[in-house]
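Reading the structure
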Amino acid sequence: MVAVNERAHARLDPLFARRPVRSAAYALFAAFLIFAATWVWFSAGLPSSQKLMAYQSALPTNVRGYDGDPIGTFARERRVELAYDEYPPLVVHAFLSAEDKTFFSHGGIDYPGLAGAVFDYGVKKATGGARARGGSTITQQVAKHLLGDDEYSVKRKVREAILAFRLESTLSKPQILEIYLNSIFLGRNAYGVQAASRAYFDKDVADLTLPEVAYLAVLPKAPSNYDPVRATEKALARRNYVLREMLANDYITQVQHDEAKASPLGTIRYGSNTRVHESGGYFMEEVRRELMKKYGEKAEDGPNSVYAGGLWVRSSMNPVMQDAAAEALREGLANFDGGRGWIDPKLSLDMDREWRGQLLATSLGTGFPDWSKAVVLDRSGGTATIGLPDGSTGSLPSSNAVQPKRGVGGAAFNFLRRGMVIIVKKVDTSSYALRSIPEIGGGMVAQEVRTGRVLAMQGGFDVIGSSYNRATQALRQPGSAFKPIVYETALENGLTPATILVDAPFCVYQGAGLGNKCFKNFDGKYSGPKTMRWGVEQSRNLMTVRAASQTGMSKVVATAEKLGVGKYDPYLAVALGAGDTTVLKLVNAYAILANGGRQVKPTLIDYIQDRFGKVIFRTDNRCEVMGNCSGPDWDGKAMPRPAERARQLLNPLAAYQMVHIMEGVIERGTATVLRDLGRPMFGKTGTTSGPTNVWFVGGTPEVVGGVYLGYDQPRSLGGAAQGGRLAAPVFKQFALKAFADMPPIPFIAPAGIRMVRIDRITGKRVFGTFPTTVDPKSAVIWEAFQPETEPRRTYRRSEDIASGSDAGGIGDATTAMVHQAPPHAKPKPKPKAAPDDFLQRQGGIY
């Protein structure tokens, strides 16, 4: 080494003794230092090789329904990721011809192209001209995408070049091209060729024709410049250029070129490729909120974020039931609101600009599929010309807008002005009628009894423009729909369906400063002593507060909290539904009753998979219970059901009794509008003071649903508003479609229940006569009792019956009969007609 060093010095020292050589060496060394420093400065913050190897593009979250069919996506960038081998060669050749014909031979930079771009940049900079032409390779375009920087500057181009070199040294050419084909923006909110193929042609990439592929290849430069509608000729010219390049590169033949050149663009209208039926606006919004809370929104929030993680979500939504719920609630809201006048949405467009894009961007939901938002283009004489979201126009005659403007009066047509956004309904080929969004709101939920899975959820008229979900967020008083919780508690504490409760004035002393608090029935009348069943079926308030007082309000509110309805103070007014709750909570409570008192919790998501298919969340614990959900010995058959492990929240016998009583609400009570559905159903209506809210909650042994209607700022719905008149018909319309394919299944009584024939009015036990299914108001019915609570047998002489002392009117004058009486009750004299005659004072309660 010493000898080598001496020989090197002997040869180089004479050269360095010359000043020109020495100056040149110093200059080269300084240039190297400047280059190195520049490289380090520009490359600061660029992705490392390790990050490039682990790169994952942002993918949308895909949501499927209960049966696995797609129902929607959460995406800010529409993208479908494919492997390089999944792209047909025709697609690869088209994009190489249009963007970078030397891609497979250069090292990341096309130096001739770069030199031309630099020269053009200098000329444009000196002359103050437009933006210089690009000279980027596909590798540089991938680098630009990874940087996420669209700044027009030398600094960005230098960083782009550095990252391009790093990409070429880290990834293979197919890997770089795969990122490019999956990430490039091609207009119509489509990122990647597969997404663009769907957006422009409603096809997968494998099904694209040569002219279609060539058109997509022109879009990376500037998608808006080659819009197939606004710039058809320009798009055709650029597409034909790509075809010429493909011919020059020997990717296609002359015949193929000529045939493709003669073809039209063939694109579809933007937004018309509804391959996946987007449904469940409020349901999907609730799913999105749960995912955001669990995983975050953006890629920076984690690998499984909603808008970048590529999650696959299996939801519990049943599309048929969801559509039925949405339609039924909208019809109910629109029918109630109809005739009250037109409401101005108070939205307008700048008519000095292009109106279609503004109209599309206007956040105004229309609910019904045959309703549409529109903009008034002109109003003259008796006709208004309107513009529609698809760019077409129509006419709105004054005869179709005669309703008065709400709160003002006068025909709505006279208030239309140019630029106003309105809601219209198509009535014939080009004629429309004026409509408005109902002012009243409401919410609806349907839930599977056995599992708690939410099958449908509608939180208002339309989620667009009103994301407030009244099914989960609106706290409302349920009124009489709360009463089953009172009676369930009473059944668990000694009362029976045949217990006699007095329907008479009831007051409670609240103290010296407040005096008496007196309750009353909805109709202001009294009916005297009646069975608990009768009180539930007819929704008698005074019987309910008596049952609550006898049972103890502390026990009632404890049951309400146990069922998840709410936490309330033990005031008697709560027994009549004065405590706030939501539709979802109350529906879940009814589902627990129908489930034999076993706990269920409402869920919207069954499980979640990451972008690779790994399950990262399950709502149930079946895999833990069964040990392994992906064993190698799986035989392909249906997955076995794990053992039931739900907590028993309620006495199952009392829960069945309550459901059995509420079947009577459908048969002969306040919800008889549902009786002709012809299937076993239970339920309860509700109407709050004012009335400000109307309710119905109930269902079948398989599905329980609930609905309420009311203004967001509570005010009276009108004196005629009742749950049986407004809410129950909405549920009926839902049930007609939702239950159409479901076989009628009876409610199954748990072991220990004793079915006894009684007179439904007096509660007395009956022998010798059987209930009939022909007349729902038959005097004799089967009643459910817990062991040793059914009425005792008492024998009476036949002459007593003949004399008319049998209040139930059952039997004849010659046959001795056995009647029931609650085992804990003493015989009471028959009350007089006047209510005051049977008031009873009991420790301050009247």
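Now for a quick tour of the structure. (Residues numbered from 1 in each chain as written. Predicted model: local features only at pLDDT ≥ 70, side-chain atom pairs only at ≥ 80, totals over all residues. Heavy atoms only, no water.)

1. Here's the deal with the pairing of strand β17 (residues 682-687)
Looking down a regular strand, the side chains alternate between one sheet face and the other. Most of β17 is tucked away, with six of its six residues classed as buried. Where burial is concerned, the two faces of β17 agree: the one with F682, K684 and G686 and the one with G683, T685 and T687 are both buried. Where β17 and strand β18 (residues 693-699) come together, six bridges link them in antiparallel fashion. Paired with G683 across the strands is G698, a residue of β18. A loop of five residues connects β17 with β18, the two strands running antiparallel in sequence, and G690 in this loop sits at a positive phi of about 135°. (Buried < 20%, exposed > 50% of the residue type's maximum accessible area, 1.4 Å probe, protein only. Helix = DSSP H or I, 4+ residues; strand = E, 2+ residues; numbered from the N terminus. Pairing = 2+ DSSP bridges.)

2. Some points on the sheet that holds strand β16 (residues 615-618)
Ordered in space as β2-β1-β3-β15-β16, the five strands form an open sheet in which the pairing is mixed. Bordering the open sheet on either side are β2 (70-74) and β16, each of which pairs with just one other strand. Here the strands of the sheet are splayed against their neighbours by 20° on average, with no regard to which way each runs. Pairing of strand β15 (residues 605-609) with β16 involves three bridges; the strand directions are antiparallel. Among the inter-strand pairings, I608 is bridged to a residue of β16, identified as F617. Lying on the sheet, helix α13 (residues 281-295) is in contact with β1 (61-64), β2, β3 (312-315), β15 and β16; it crosses β2 at an angle near 50°. (Axes fitted to C-alpha atoms, helices over the stretch in contact; angles between N-to-C directions. Contact = heavy atoms within 4.5 Å.)

3. Some details on the state of the cysteines
This structure, assessed with the given rule, holds one disulfide. Across the disulfide from C507 sits C518; the S-S distance is 1.9 Å. Between C507 and C518 the sulfur-sulfur dihedral comes to about 105°; the bridge is accordingly right-handed. Of the two residues, C507 is situated in strand β12 (residues 506-509) and C518 in strand β13 (residues 516-519); the sequence distance between them amounts to eleven residues. Note on C507: relative accessible area 12%, which makes it buried. (Disulfide = S-S within 2.5 Å.)

4. Thoughts on the nonpolar core
In this structure, F731 and F734 are the most contacted members of the largest nonpolar core, which totals 130 residues. Non-local contacts of F731, meaning those with residues more than four positions away in its chain, are made with M444, L674, M681, F696, G698, G699, G705, G706, V707 and F739. Of all hydrophobic cores here, the second largest spans 53 residues; its members include L177, L210, L219 and M246. (Core = buried A, V, L, I, M, F, W, Y, C linked by side-chain atoms within 4.5 Å.)

5. Re the packing of helix α9 (residues 193-201) against helix α10 (residues 210-218)
Between α9 and α10, the least distance of the axes is 11 Å, while the angle of their chain directions is 115°. Between α9 and α10, the crossing angle belongs to the class labelled roughly perpendicular. Between α9 and α10 lies a crossing whose hand is right-handed. Each of V193, A196, S197, Y200 and F201 in α9 lies in contact with α10, whose residues at this interface are E212, Y215 and L216. For the contact of α9 with α10, the class distribution of residues is six nonpolar, one polar and one charged. (Parallel < 35°, antiparallel > 145°, perpendicular 65-115°, else oblique. Left-handed = near helix turned anticlockwise from the far one by under 90°. Nonpolar A, V, L, I, M, F, W, Y, C, P; charged D, E, K, R; others polar.)

6. Comments concerning the pattern of salt bridges
Per the counting criterion, the structure on display carries 30 salt bridges. In this structure, R79 and E77 form a salt bridge, with 3.0 Å as the shortest nitrogen-oxygen distance. Relative accessible area serves as the criterion here: at 4%, R79 is assigned to the buried category. A salt bridge links E212 to K203; the nearest nitrogen and oxygen atoms lie 3.0 Å apart. Look at E212 and you get buried, because its relative accessible area is 9%. Exposure remark for K203: the relative accessible area of 25% places this residue in the partly exposed category. (Salt bridge = Lys/Arg side-chain N within 4 Å of Asp/Glu carboxyl O.)

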